[in-house]
Amino acid sequence: NEIIFYYEQQPVLTDYVVKYLDVDTNEPVAPEKELDGLEVGAVVSERAINVDGYTALDPTEATLVLAETGNEIIFYYQKLTTYTIHYCDDLNGEDIAEPKTVTDVPVGETYTEYALDIQGYIALDNEITFTLKESGNDYYLYYLRWAVD
């Protein structure tokens, strides 16, 4: 008598994690995503998610062939902010035109804004260049009242 045992190899299972990090601080900007119970060698694809107050940096898509360990996809994000340009009378500091507000721009970027042609005024500077901070992004272009008879 002979007994024969047949074995079926069980697939090796693994997991992977997706992280969403601030590019400047490496701090999470959203909870990480974890998936487990996947076969080693499987191909997975992920996309960056939308995170309020941030923009996803390229690449925003990733594909990974799963190994037994160390399966990680990281998406990086840049913090967004707002800036306002004020067009002001040089003598009293009052706005002489509607301020220009720009939203959802990356922190740390450098921008240049140009003076407007405002009737009855001459710009003291034709442009202003600034680097955005997380907050406090109010910038001023001053004008001298031009006497018109």
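All of the points below concern the structure found in this document. Being a predicted model, the structure only gives us computed values, none of them experimental.

1. Quick notes on the environment of A48
Thought 1: Take A48: it is sitting in the loop between β3 (43-47) and β4 (54-56).
Thought 2: With 56 residues separating them along the chain, A48 and D104 place their C-alpha atoms 17 Å apart.
Thought 3: Residue contacts for A48: discarding those within four places in its chain leaves A56, T60, F75 and Y77.

2. Re the side chain of T14
Thought 1: Position of T14 relative to the elements: it lies in strand β1 (residues 13-22).
Thought 2: Of the residues examined, T14 reaches a relative accessible area of 6% and is grouped as buried.
Thought 3: Here A67 takes part through its backbone oxygen, which lies 3.0 Å from a polar atom of the side chain of T14.
Thought 4: Once you skip the residues sitting within four places of it in the chain, T14 turns out to touch D36, G37, L38, E39, V40, L66, A67, E68, T69 and N71.

3. Remarks on the packing of aromatic side chains
Thought 1: Scanning the entire structure with this criterion turns up 8 aromatic pairs.
Thought 2: Centre to centre, the rings of F130 and Y139 are 4.0 Å apart; their planes meet at 15°, and the pair counts as stacked.
Thought 3: Each member of the aromatic cluster is reached from another via a ring pair, and the members are Y83, Y111, F130 and Y139.

4. Some points on a negative patch on the surface
Thought 1: A cluster of acidic residues, D15, E32, E34 and D36, forms a negative patch on the protein surface.
Thought 2: Take E32: it is sitting in the loop between β1 and β2 (33-39).
Thought 3: Taking the relative accessible area as the measure of exposure, E32 reaches 41% and is therefore partly exposed.

5. Describing a nonpolar patch on the surface
Thought 1: Together, I122, L124, Y140, Y142, L144 and W146 make up an exposed nonpolar region whose accessible area comes to about 580 Å².
Thought 2: At 3 residues, the largest contribution of residues to the nonpolar patch is made by strand β11 (residues 138-145).
Thought 3: Within the secondary structure layout, I122 lies in strand β9 (residues 121-123).
Thought 4: Residue I122 is classed as partly exposed on the basis of its relative accessible area of 37%.

Each value, and the rule that gives it
Residues numbered from 1 in each chain as written. Predicted model: local features only at pLDDT ≥ 70, side-chain atom pairs only at ≥ 80, totals over all residues. Heavy atoms only, no water. Helix = DSSP H or I, 4+ residues; strand = E, 2+ residues; numbered from the N terminus. Contact = heavy atoms within 4.5 Å. Buried < 20%, exposed > 50% of the residue type's maximum accessible area, 1.4 Å probe, protein only. Polar contact = N/O pair within 3.5 Å; in protein donor to acceptor, adjacent residues only side chain to side chain. Phe/Tyr/Trp six-rings, centres within 6.5 Å; stacked < 30°, edge-to-face > 60°. Patch = residues over 30% accessible without salt bridge, like charges linked within 9 Å, V, L, I, M, F, W, Y side chains within 5 Å. Areas by Shrake-Rupley, 256 points an atom, 1.4 Å probe, with all protein chains shown as cover. Salt bridge = Lys/Arg side-chain N within 4 Å of Asp/Glu carboxyl O. Lys, Arg positive; Asp, Glu negative; His and termini not counted. Charge placed at Lys NZ, Arg CZ, Asp CG, Glu CD.

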